[in-house]
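Each chain, letter by letter, is given below.
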Amino acid sequence: MRTRWMATAAALLCLLSGFIAISPASAAVHVAKYDFENGSTQGWSARGSGVTVGLSDTAHSGDAALLVQGRTATWHGATITPPFEKGVTYTVTAFARLASGQPPNTIAMTVQRTPAGGSTTYERVGAGTVTDAAWTELSGTYTFTADSTDLQLYVESSDATSRYHLDDIVITSDGDPTRSGLASDFETGTAQSWSPRASASLTPTTAVAHGGAYSLAVSGRSASWDGPSRSVLGAMAKGSKYEISAWVRLGPDVTSGNLGLSLERRLDGTPAYQRVAAPKAVAPGEWTLLKGTYTLAHDVDLLSVYIESDGGTFPFYLDDFSLTYIEPKPIQTDIPPLKDTVPFTLGVAFNRAQTLGEHGQLLLRHYGGVTPGNDMKWDATEPEEGRFTFTEADYLVNYAAEHDLKFRGHTLAWHSQTPDWVFKDGDRDLTPADRALLLQRLENHIRTLVTRYKGKIAAWDVVNEVIDENRPDGMRRSKWFEITGLDYIRTAFRVAHEADPGATLFINDYNTEWPRKREVLYDLVRKLRAEGVPIDGVGHQLHVNIEQAPASNVEDTIERFAALGVDQQITELDVSVYTDFVSTYDTVPQDVLTEQGYRYKELFDVFRRHASQISSVTVWGVADDGTWLSFFPITRLNPPLPFDDELQAKPAYWGIADPSKLPPLTRRLTVPAGTIVVDGKRDLEWDLLPDTPIARVGDLSAGFQARSTGAGLYVMAEVRDPSNDKNDSVTFEAGGTPYTVRRGGTHAHGFPAHAKRTDGGYRVEARLPSGTAGTLRVTVHNASGGDDIAWNGAPTVVPAIKLATASKAAPVVDGTVDALWARSPEIRTATWIQGTTGATARVRALWNGAGEHGGTLYVLAQVTDATLSEDSPNAWEQDSVEIFVDPGNGKTKGYDDDDGQYRISFSGRQTIGGTFDAFAIKDNLTSAARIVPGGYVIEAAVTLPTITLAKDALLGFDVQVNDATGASRTGAVTWNDPTGQSYLSTARWGVLRLTK
Ligand code: XIL
C-alpha cells in the first residue's frame, strides 16, 4: 500500500486536467488532459440513466482508462463540462476501444450547449469506427461564437448498448484562452454565459446599465449565495494571477445590501469557495465595483465566478464583468538572496498559490523558512470534531521538505479562526464545568497535528495571543481562558512536547515590544517554565508600522527575554505604511516606501545585533500582493513587505539586504516655538515632546529635539555612548553651517552651547544662530571608533506647545461645579479647526492618585453654546466636548493602546475612540452633563490604569468643542491641536502637568 505521503506526491506529479500556460500565443496550448491515472474519473460522469462511468485497467497508456457501460440509447455515454471559451478553437483527441465482444460501431465526440436566448445545440467534434481489437484515435476541432451556457462534451456511439473504453483525452487550443481574459456586457440583450446558481432569475434589462444599454437583472434569489454565476473553467491557468471585476447595483426599492464576488472550484465533486472581493456595501442608486485578484492554485474540473450577498436575497443588477490575465514580471535574479544576508533563518508566510510560478521562484530564492499563513489553523485542520483536513497542510509540508525549507507550524491554540464547535456541546456553550472536555479536544487536536508532522516541523506556535495586558491578571479573556484558566496553555505545551519532543515550542504574541505587554508575557513565561511547562521560545509577531514601535523597544524586548534563557523568533514581521486605523492612500508616496526601507534597516540592525538570541525572522507574506493588511483592520492599499505587487524589490528589501542602496531620506522634525536655558540641564520644555530617535549603531544611540525662537534654533541631544571620550561630539548642521559641540564641552565661538555628563552618555544643548531654513543634519560621532550615527531632515516650525496644570483634588462628578475646581487655572479652547466662531469652553483639570497604580484625571468643561443639537447620527457632529488623554505623553502619530478620545455630548452621551478596538480605554470614562443658561457643563473623570499619577507627571492632553447646527457640525475648536487630526494622532496635543 502506498503511504499517504506517496499518494500526495503522486497527485502532485500527475497533471490532471491541469491547465498549462507556458507556450507563446501562436503555438498550440495544452488546455486539459484526462488520463485517469490518479484513480478517479477526473470529472467524467454518466450521460443517460442506467449508464455507469468507472475505471478499468484496459488502458491506452498507463494503468487506467474509463469504462462506459449500461447504455440503452445512442446518445448515452460519458460526459464532462469542458474548459471551452467562446471564440477559441480547440482540438480534442481521445482514444477509444470497445469492450471485448462488442461489434464494431461509430464512436463520436459531441458538444452540447445552449446559446443565450436560443435552444440547445449538438455539434460533432470528431468520430471514428472503433473495434474491440485495438485503440482508435478520435480527433477533431471545435469552436463556438455565441455566448452559451450548459456546455457538455460527451462521447456517444451509433450502437445503443455498446460498452467501450476511453483514455488519454487531450484538449489543446490555438490561442491561449488562459491569457485572453473574458468579459460580459449583456449588450446582446441576453444573459451571455451567466446562469443562476439556484432558482434566481437572470433577465437582461435596459432599466439600468453601467455601460451601454443593458445590464443583467437578478431577482428571485433563494439564498445569499444564489445569484448569477459564470464558468471560467479553461480561462485560468494554474499558478497564474487574474484580476476579476464586476459592477453591481441594488435592485429597485432595495435601500442597502452588501455584495461580493466569489469563486467556486471543484475537483472530483469536492467544492471549495473562495472570496475574490469580500462583500461590501452597495449604495442605493449607484454602481459599485467589486474587484479582486485570484491565483488558481489547484487542479479543478469545475471553476465558476458568482456574485453573492452576505445576507438576504434582495434583487440586484450586474454589468461589465471582466476577467483579465495579469502578466507576471520575471523575478529579479541580479539581486542577492535575502536569506544570504542575515545570520539567522529568514522565513516567510505562505500558501499553496505562492509556491507556484514566479511567487514560488521568489520564495525559494529569498527565503529559507516558511510558515503557513492560515492552512494549519484550527478552522483549516479540524473544521468539525474529529474530521481532520490536511490537504493544504500536507502539500505545504512536503513542499518545504522537498526544497529544504525550515517549517514553523502555526498555530495550535488561538482564540481566532477556531470553529464554534470547539467551545460548544451541541447548542450549549461550554462553561468552566466542561473544562475536562475542552482540554480533551485540545489534546486530541494538538496530538493529531504534531504527531502527523513529527520531525518535519521544526518549531510550533503552540499558543497564540494569550496576553491582554489590560486585565488585572494579564490574560486575554478567550474562551480557552474563561473555561480552563491557564490550564489550556499547560495542556497545549505538554501534549505538543509529548507528540514531538524534538520540536521547539513557542508562545507567540503581538505588541511584545511594548513595555506593559512585554512584562506581562515575561512574567507568564517565567512562571510557567518554573512549573516545568515545556515552553522553549517566545515568538514576537512584530506587526509594526512606519513609525511605531521604536526599534529600541524591540531591542529592549529581546534583551529582556534573553535573561530568561529562551529561544526567540520574530514570527510575523510586516511594516504597515499607516499609523492609524482609518487613513488610506490611493498610491503610497515614494518617500513613505523609502521610510519603510529605513524601518526595515533599523529592525534588522537590532536582529543582527541579537543574532545569538534570535533563531529565525519571518516576514508575514511573500509579496505585497498577498498581505493580510489589505483587509485588516480595514480594506485599503497597504504594502508592508520587502517585495511589491509585481514581486520586485522595494526599499524595504534593500533595508534588509544592503542599506547603502537605500535612496536618501529627508525626515521631518516638528519644531515648536520655545525658549530654553542653554546650560546642559534638561528644561521642562524639552519634556513636552519625546526625543526624536537616531537609530543605534553598535553601542551608540541618541535622541534629539529643537525649538525655534527669534534668536535662532535651540537644539538638544541626549547621547548614549558608554565609551567616555571627551572628543565624542554632536554636530548640528543647520542652514548649511555645521556647529559641533564636544562631549567635553568645547565648541567654536559664536554660539552658546553646553555639554553635560549623563548616566551612560552625555547631553548637549546649543542655540544655533541659523534659524530653521533648509535642512537640519545631526551627526553623533564616537571618537573611540565605530560608525557615526546621523539624522537628516526638514524642520517644520509650529506654535509653542501649550502647557497647563492640574491640582490634586477629587471633585464630585455630578455636573455641578464644586469649589475645588478653582484650585486649577482655567484654560480656553481658542484654536479653530473648523470655522472661526461658535461654541467654546473654559476648562479646568484636577487629578487624584489611587495608591500604587492608576489614578483619575478630572476635567471640567463649561461650554458657551446657545443652541444645542444632537440631530446628526455622527457623534462628532453633535454638540459635544472631546477630552484627549495620552498617559505617556508619547506624542505619537496614531494612538497607543492607552491613548483615548473621550467624547461627551451636552445631554451626557458618551462615545470613545482609541486604537481600533479601544480595548485598553473603553471603560475609563465617567461623566455628567448639565444644560445651563447659554450652554452646558461637562464634568468627566477619566481613570488611567496604565500609569501611576504623581506630582510632576506630564500627560498628553487636549480638549475639543464640537458645535452643531441642526444635523451638521458648523464649528470645532481645540485648546492646542490645530491639525483637526486629534482623533487620529496624539502628536499635536498639548500637555498637562500634575501639581500638588
Ligand atoms: C492572518 C492571516 O495572514 C490572514 O490571511 C487571515 O485572514 C487572518 O490571520 N496574528 C497571527 C496570524 O498570529 O495568524 C494572523 O494571520 C495575523 C495576526
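These lines cover the structure that appears in this document, whether it is placed above or below. Computed from a prediction, not measured in an experiment: that's the story for all the values here.

1. Things to note about the sheet that holds strand β21 (residues 302–309)
Part 1 of the reasoning: Spatial ordering of the open sheet is given by β13-β16-β21-β18-β19, a layout of 5 strands whose pairing is antiparallel. One side of each edge strand has no neighbouring strand; the edge strands of this open sheet are β13 (194–196) and β19 (270–281). Sheet twist, expressed as the average angle between the axes of neighbouring strands with direction ignored, equals 25 degrees.
Part 2 of the reasoning: Inspection of the sheet shows strand β18 (residues 258–267) paired to β19 by 9 bridges, in the antiparallel sense. Bridged to L259 within β19 is K280.

2. Observations concerning the packing of aromatic side chains
Two measures describe an aromatic ring pair: the distance that separates the ring centres and the angle between the ring planes.
Part 1 of the reasoning: Counted under the stated rule, the structure contains 33 aromatic pairs.
Part 2 of the reasoning: Judged by centre distance (6.2 Å) and plane angle (40 degrees), the rings of F350 and Y399 are tilted. Of this pair, F350 sits in strand β23 (residues 345–350) while Y399 is found in helix α5 (residues 391–402), placing the two residues 49 residues apart along the sequence.
Part 3 of the reasoning: Classification of F350 as buried rests on a relative accessible area of 2%.

3. Observations regarding the site of the ligand
Part 1 of the reasoning: In the vicinity of the ligand, the residues found are N374, K377, H410, W414, Q417, N464, E465, Q541, H543, E572, W620 and W628.
Part 2 of the reasoning: A distance of 2.6 Å is found between an oxygen atom of the ligand and a side-chain nitrogen or oxygen belonging to H410.
Part 3 of the reasoning: W620 places a polar side-chain atom, nitrogen or oxygen, 2.9 Å from an oxygen atom of the ligand.
Part 4 of the reasoning: Burial of the ligand by the protein chains amounts to 76% of its free accessible area of 420 Å².
Part 5 of the reasoning: Considered class by class, the residues forming the shell around the ligand number 3 nonpolar, 6 polar and 3 charged.

4. Notes on the pattern of salt bridges
Part 1 of the reasoning: The final tally for this structure, using the stated rule, is 56 salt bridges.
Part 2 of the reasoning: The salt bridge partner of D461 is R408, with a shortest N-O separation of 2.7 Å. Here R408 lies in strand β25 (residues 406–413) and D461 lies in strand β28 (residues 459–464), a separation of 53 residues in the sequence.
Part 3 of the reasoning: Since its relative accessible area comes to 5%, R408 is described here as buried.
Part 4 of the reasoning: D687 is the partner of R682 in a salt bridge, and the nearest nitrogen-oxygen pair spans 2.6 Å.
Part 5 of the reasoning: According to the relative accessible area criterion, D687 is partly exposed, its value standing at 33%.
Part 6 of the reasoning: Shared partners join several salt bridges into a network, and the residues in it are E555, E559, R609, R696 and D699.

5. Focus: empty space enclosed by the protein
Part 1 of the reasoning: Scanning all chains against the criterion turns up 2 cavities of 30 Å³ or more.
Part 2 of the reasoning: Here the largest cavity defines a volume of roughly 40 Å³.
Part 3 of the reasoning: Contributing to the lining of the largest cavity are A413, W414, H415, N464, E465, V466, R476, S478, W480 and Y488.
Part 4 of the reasoning: In terms of residue class, the lining of the largest cavity is made up of 5 nonpolar, 3 polar and 2 charged.
Part 5 of the reasoning: Around the second largest cavity, the lining residues are A804, T805, P825, I827, V843, R844, A845, F957 and L992.
Part 6 of the reasoning: For the lining of the second largest cavity, the elements supplying multiple residues, two or more each, are β44 (803–808) and β47 (840–849).
Part 7 of the reasoning: Per-element tally for the lining of the second largest cavity: the top contributor is β47, with 3 residues.
Part 8 of the reasoning: The residue makeup of the lining of the second largest cavity, split by class, is 7 nonpolar, 1 polar and 1 charged.

6. Looking at a nonpolar patch on the surface
Part 1 of the reasoning: A surface patch of nonpolar side chains, amounting to about 280 Å² of accessible area, comprises W628, F632 and F916.
Part 2 of the reasoning: Mapped onto the fold, W628 is located in the loop between β33 (614–619) and α12 (651–657).

7. Examining the packing of helix α10 (residues 551–562) against helix α11 (residues 590–609)
Part 1 of the reasoning: Closest axis-to-axis distance for the α10/α11 pair is 9 Å, and the angle between their directions is 20 degrees. Here α10 is positioned roughly parallel relative to α11, judged by the angle of their axes. Here the hand of the crossing between α10 and α11 comes out right-handed. Taking contact as the criterion, the partners of A551, V554, E555 and I558 in α10 are, on α11, R599, E602, L603, V606, F607 and R609.

8. Looking at the sheet that holds strand β39 (residues 737–742)
Part 1 of the reasoning: In spatial order, the strands read β34-β43-β42-β38-β39; together these 5 strands make up an open sheet with mixed pairing. Two strands in the sheet have a free side with no partner beyond their single neighbour: β34 (667–672) and β39. Across the sheet, the mean angle from the axis of one strand to that of its neighbour is 30 degrees, orientation sign disregarded.
Part 2 of the reasoning: Sheet analysis places strand β42 (residues 776–781) next to strand β43 (residues 789–798), joined by 5 bridges and oriented antiparallel. Following the sheet pairing, V780 is matched in β43 by I789.

9. Topic: the packing of helix α9 (residues 515–531) against α10
Part 1 of the reasoning: Across the interface, α9 lies against α10 with an axial gap of 11 Å and an inter-helix angle of 15 degrees. The orientation of α9 with respect to α10, classified from their angle, is roughly parallel. Pair α9 / α10 crosses with right-handed handedness. For the pair α9 and α10, the contacting residues are P515, R518, E519, L521 and Y522 in the first and N553, D556, T557, R560 and F561 in the second.
Part 2 of the reasoning: Across the contact of α9 with α10, the residue classes tally to 4 nonpolar, 2 polar and 4 charged.

10. Quick notes on the nonpolar core
Generally speaking, soluble globular proteins have nonpolar side chains that are buried together.
Part 1 of the reasoning: Counting residues in hydrophobic clusters, the biggest one holds 101 residues, and the most contacted among them are W460, V463, I489, I507, L573, F604 and F607.
Part 2 of the reasoning: Excluding residues that lie within four positions of it along the chain, I507 makes contacts with V463, V466, F493, L521, L524, V525, I535, G537, V538 and G539.

11. Focus: helix α8 (residues 487–499)
Part 1 of the reasoning: If you check α8, its first and last C-alpha atoms are 18 Å apart, about what 13 residues at 1.5 Å a residue would give, namely 18 Å.
Part 2 of the reasoning: When α8 is considered as a whole, its buried residues turn out to be D487, Y488, I489, T491, A492, F493, V495, A496 and A499.
Part 3 of the reasoning: Its buried side turned inward, α8 meets β25, α6 (435–452), β28, α7 (479–484), β29 (504–509) and α9.

12. What to know about the environment of R518
Part 1 of the reasoning: Looking at the element boundaries, R518 is found in helix α9.
Part 2 of the reasoning: Residues contacting R518, with those up to four places away along its chain left out, are T512, E513, N553, D556, T557, R560 and F561.
Part 3 of the reasoning: From its side chain, R518 meets the backbone oxygen of E513 in a polar contact 3.3 Å long.

13. Side note on unusual backbone geometry
Part 1 of the reasoning: Backbone torsion omega between H410 and T411 reads 0 degrees, so that peptide bond is classified as cis.
Part 2 of the reasoning: Of note, the amide linkage connecting Q548 to A549 takes the cis form, showing an omega dihedral of -10 degrees.
Part 3 of the reasoning: Unusually for a residue other than glycine, Q192 sits at a positive phi of about 50 degrees.
Part 4 of the reasoning: Position of Q192 relative to the elements: it lies in the loop between β12 (182–184) and β13.
Part 5 of the reasoning: The exposure class assigned to Q192 is buried, which follows from its relative accessible area of 5%.
Part 6 of the reasoning: Phi at A918 takes a positive value of approximately 50 degrees, unusual for a residue other than glycine.
Part 7 of the reasoning: Inspection of the secondary structure assignment puts A918 in the loop between β51 (910–913) and β52 (925–932).
Part 8 of the reasoning: Classification of A918 by relative accessible area gives buried; the value is 10%.

14. Thoughts on the side chain of E602
Part 1 of the reasoning: Inspection of the secondary structure assignment puts E602 in helix α11.
Part 2 of the reasoning: Of note is the side chain of E602, whose polar atom sits 2.8 Å from the side chain of R599.
Part 3 of the reasoning: Sequence-distant contacts of E602, that is, excluding residues within four places in its chain, are made with A551 and A695.

15. Here we look at the side chain of S304
Part 1 of the reasoning: Position of S304 among the secondary structure elements: in strand β21.
Part 2 of the reasoning: Residues contacting S304, with those up to four places away along its chain left out, are S229, R230, S231, V232, S262, L263 and E264.

16. Re the pairing of β39
Part 1 of the reasoning: In the sheet, strand β38 (residues 729–734) pairs with β39 via 6 bridges, with the strands oriented antiparallel. What sits directly across from S729, in β39, is R742.
Part 2 of the reasoning: Between β38 and β39, which pair antiparallel one after the other, the connecting turn spans 2 residues, and G735 there sits at a positive phi close to 55 degrees.

17. Some remarks on the layout of surface pockets
Part 1 of the reasoning: Estimates place the volume of the second largest pocket at around 830 Å³.
Part 2 of the reasoning: In terms of lining, the second largest pocket is formed by 37 residues, of which the most central are T81, L151, S231, L302 and S304.
Part 3 of the reasoning: Breaking the lining of the second largest pocket down by element, the ones donating at least two residues are β5 (77–80), β10 (148–157), β13, β16 (228–231), β18 and β21.
Part 4 of the reasoning: If you tally residues by element for the lining of the second largest pocket, the top one is β10, at 5 residues.
Part 5 of the reasoning: Here the lining of the second largest pocket is built from residues that sort into 11 nonpolar, 16 polar and 10 charged.

Criteria and cut-off values
Every chain is numbered independently, its residues counted from 1 as its sequence is written. A pLDDT threshold of at least 70 governs which residues receive local features in this predicted model, and a stricter bar of 80 or more applies before side-chain atom pairs are shown or counted, although totals over entire chains, interfaces and linings include all residues. Side-chain calculation: all heavy atoms of the structure are included, whereas hydrogens and water are not. Following DSSP output, two strands are said to pair if at least two bridges run between them. The way it works is that DSSP assigns letters per residue, a run of H or I at least four long becomes a helix, a run of E at least two long becomes a strand, and they are numbered from the N terminus. Axes, fitted as lines to C-alpha atoms, cover a helix only where it is in contact. Angles between the N-to-C directions of the axes lie from 0 to 180 degrees. When the centres of two rings from Phe, Tyr and Trp lie within 6.5 Å, Trp using its six-membered ring, the rings pair. Their planes under 30 degrees apart give stacked, over 60 give edge-to-face, and anything left gives tilted. Buried means the residue's accessible area, taken with a 1.4 Å probe over protein chains only, is under 20% of the maximum for its type, while exposed means over 50%, and partly exposed covers the values in between. Here a residue is near a molecule or strand as soon as one of its heavy atoms is found within 4 Å of it. Two N or O atoms form a polar contact when they lie within 3.5 Å of each other; inside protein one atom must be a possible hydrogen donor and the other a possible acceptor, and for residues adjacent in sequence the pair counts only when both atoms belong to side chains. Residue burial considers only the protein chains on display, and all accessible areas are found by Shrake-Rupley using a 1.4 Å probe. Amino acids are sorted into nonpolar (Ala, Val, Leu, Ile, Met, Phe, Trp, Tyr, Cys and Pro), charged (Asp, Glu, Lys and Arg) and polar (every other residue, Gly among them). Within this document, salt bridges are pairs made up of a side-chain nitrogen of Lys or Arg and a carboxyl oxygen of Asp or Glu, the two lying within 4 Å of each other. Computed over the protein atoms alone on a 1 Å grid, cavities are sets of points where a 1.4 Å probe fits but cannot get out and pockets are open sets with protein on both sides within 12 Å along at least five of seven lines; a residue lines them when it has an atom within 4 Å of a point. Grid points are joined across faces, edges and corners, and a volume is the space filled by probe spheres set on the points. A residue counts toward a patch only above 30% relative accessible area and without a salt bridge, and it is joined to like-charged neighbours within 9 Å or, for Val, Leu, Ile, Met, Phe, Trp and Tyr, to nonpolar neighbours within 5 Å. When an angle is under 35 degrees it counts as roughly parallel; over 145 it counts as roughly antiparallel; between 65 and 115 it counts as roughly perpendicular; any other value is oblique. What makes a crossing left-handed is the near helix being turned counterclockwise from the far one by less than a right angle; a clockwise turn instead makes it right-handed. The contact definition used throughout considers only heavy atoms, calling two residues in contact when any of these lie within 4.5 Å. In these notes, a set of buried Ala, Val, Leu, Ile, Met, Phe, Trp, Tyr and Cys residues joined through side-chain atoms within 4.5 Å is what counts as a nonpolar core. Every helix has an expected span of 1.5 Å times one less than the residues it contains.

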